[in-house]
Amino acid sequence: MTSKEKGILIVLSGPSGVGKGTVCKALRQCAPELIYSVSATTREPRQGEVDGVNYFFKTREQFQKLIEEDQMLEWAEYVGNYYGTPRKFVEDTLNAGNDIILEIEVQGALKVKQKFPEGVFIFLLPPSMDELENRIVGRGTESEESIRNRMSVAMDEIRLMEHYDYAIVNDRVENACSRIQSIIVSEHCRKERVVNKIKQWMAEVN
Ligand code: 5GP
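Residues numbered from 1 in each chain as written. Predicted model: local features only at pLDDT ≥ 70, side-chain atom pairs only at ≥ 80, totals over all residues. Heavy atoms only, no water.

The protein is annotated in an unreviewed UniProt entry as Guanylate kinase from Paenibacillus vulneris. Of the protein, the UniProt comment under Catalytic activity (unreviewed entry) reads exactly: "GMP + ATP = GDP + ADP". (UniProt positions renumbered as here; feature names shortened; annotations may be inferred.)

Take a look at the structure:
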């Protein structure tokens, strides 16, 4: 009997304001076969967000309990709220042979890398730092001090790019999506990922 290869864990990360959420949303359209990990968060739902679809919305107490029960693959505090990836769904998806994508901030991504070094880590870059500032300012929700802070955090985060496997410039969402799809196709062709299958063939022939 041929056992199915495990799925690939893909982590899409990058500095705040780079457009990770937008790219991930577009990927849901152009790569519907990819499974998306729904994170848990303690932040308030935004208009139109649905519990269990965009996030699992939790109280701080509920989130703390999930951490204590070791139900989180990773978690991080970001702008005063907790965000984290439920572990079981990721593990079940991979074991069933399906690929899964996590859209998370940089600290969380590095924690995932410690647990899943075989994952594929993609860093999303802005076309330029000016463009990143425009995007942060464009949200219209940040004070001048907060913009300066976010830009300095973004610089620190970009320095962590060396821990990633791929870097993609988010010049246009559709370009970013097709580059991510190409990466996934290439990763499936890596000889390391098919080696078990080949070993099985060899055993069957001998
Ligand atoms: P937002 O509040 O705008 O939805 O997300 C804020 C930040 O949290 C984004 O950078 C997003 O990528 C990140 N994020 C979302 N889910 C998770 C998660 O499960 N873990 C971590 N570490 N970050 C997350």
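The rest of the description comes next.
Asks: Just checking my understanding: could you explain the packing of aromatic side chains for this structure?
Replies: Centre distance and the angle of the planes are the two values used to describe a pair of aromatic rings. If you walk through the whole model with that rule in mind, you get seven aromatic pairs. What links up through ring pairs into an aromatic cluster is the set Y55, F57, Y78 and Y83. Sitting over the face of the ring of Y36, R28 holds its NZ or CZ atom 4.6 Å from the ring centroid. Here the guanidinium or amino end of K111 rests over the ring plane of W75, the centre of that ring lying 5.0 Å away. (Phe/Tyr/Trp six-rings, centres within 6.5 Å; stacked < 30°, edge-to-face > 60°. Lys NZ or Arg CZ within 6 Å of the ring centre and 35° of its normal.)

Asks: Is there a simple way to think about the packing of helix α5 (residues 129–138) against helix α6 (residues 144–159) in this case?
Replies: When two helices pack together, their arrangement is given by the angle between the helix axes and by the axis-to-axis distance. Across the interface, α5 lies against α6 with an axial gap of 10 Å and an inter-helix angle of 135 degrees. Here α6 runs oblique to α5, going by the angle between their axes. Considering how the two elements wind past one another, α5 and α6 form a crossing that is right-handed. In this structure, α5 contributes M129, L132, E133, I136 and V137 to the contact, and α6 contributes I147, R150, M151, A154, M155 and I158. Grouping the amino acids of the contact of α5 with α6 by side-chain chemistry returns nine nonpolar, no polar and two charged. (Axes fitted to C-alpha atoms, helices over the stretch in contact; angles between N-to-C directions. Helix = DSSP H or I, 4+ residues; strand = E, 2+ residues; numbered from the N terminus. Parallel < 35°, antiparallel > 145°, perpendicular 65-115°, else oblique. Left-handed = near helix turned anticlockwise from the far one by under 90°. Contact = heavy atoms within 4.5 Å. Nonpolar A, V, L, I, M, F, W, Y, C, P; charged D, E, K, R; others polar.)

Asks: Is there a simple way to explain the UniProt feature "binding site: ATP" (unreviewed entry) in the protein in this structure?
Replies: Feature annotation in UniProt assigns "binding site: ATP" (unreviewed entry) to the following positions: G14, P15, S16, G17, V18, G19, K20 and G21. Relative to the helices and strands, G14 is located in the loop between β1 (9–13) and α1 (20–30). Take G14: its relative accessible area is 0%, and that puts it in the buried class. Setting aside anything within four residues of it in sequence, one finds G14 in contact with K20, I104, V106, F123, L124 and E157. Considering the arrangement of structural elements, one finds G21 in helix α1. (Buried < 20%, exposed > 50% of the residue type's maximum accessible area, 1.4 Å probe, protein only.)

Asks: Whenever I open this one, the pairing of β1 confuses me. Can you help?
Replies: Counting buried positions along β1 gives five out of five residues, so the element sits mostly inside the fold. Because side chains alternate across β1, one face comprises the buried residues L9, V11 and S13, and the other comprises I10 and L12, equally buried. The pairing of β1 with strand β7 (residues 100–103) spans four bridges and is parallel. Along β7, the bridge assignment pairs I10 with I101. Summarising the sheet, β1 and strand β8 (residues 120–125) pair through four bridges and their orientation is parallel. The partner of S13 across the bridge, within β8, is F123. (Pairing = 2+ DSSP bridges.)

Asks: Quick question: what am I supposed to make of unusual backbone geometry here?
Replies: Note: most residues except glycine have negative phi, and most peptide bonds are trans. The residue D70 is not glycine, and still its phi comes out positive at about 60 degrees. The topology assignment puts D70 in the loop between α2 (60–68) and β5 (72–78). In this structure, V79 takes a positive phi of about 45 degrees despite not being glycine. Mapped onto the secondary structure, V79 falls in the loop between β5 and β6 (81–86).

Asks: Looking at this structure, I do not really get the nonpolar core. What am I missing?
Replies: The tendency in soluble globular proteins is for nonpolar side chains to be buried as a group. Formed by 25 residues in total, the largest nonpolar core has its most connected members in I10, L12, L27, L34, I122 and I180. Of all the elements in the fold, those that place two or more residues in this core are β1, α1, β8, α5, α6 and α7 (173–188). Element by element, the count of residues in this core is highest for α7, at five residues. Apart from the residues within four sequence positions on either side, I180 is in contact with L12, V23, L27, I122 and I168. (Core = buried A, V, L, I, M, F, W, Y, C linked by side-chain atoms within 4.5 Å.)

Asks: Any chance you could explain the site of the ligand here in plain terms?
Replies: Inspection of the region around the ligand gives 15 residues, with S39, R43, Y55, Y83 and E103 positioned closest. At 2.9 Å, a side-chain N or O of R46 approaches an oxygen atom of the ligand. Here E74 contributes a side-chain N or O atom positioned 2.7 Å from a nitrogen atom of the ligand. Summarising the interface, the protein chains cover 90% of the accessible area of the ligand, which totals 510 Å² for the free molecule. Per-class residue counts for the shell around the ligand are five nonpolar, four polar and six charged. (Near = heavy atom within 4 Å. Polar contact = N/O pair within 3.5 Å; in protein donor to acceptor, adjacent residues only side chain to side chain. Areas by Shrake-Rupley, 256 points an atom, 1.4 Å probe, with all protein chains shown as cover.)

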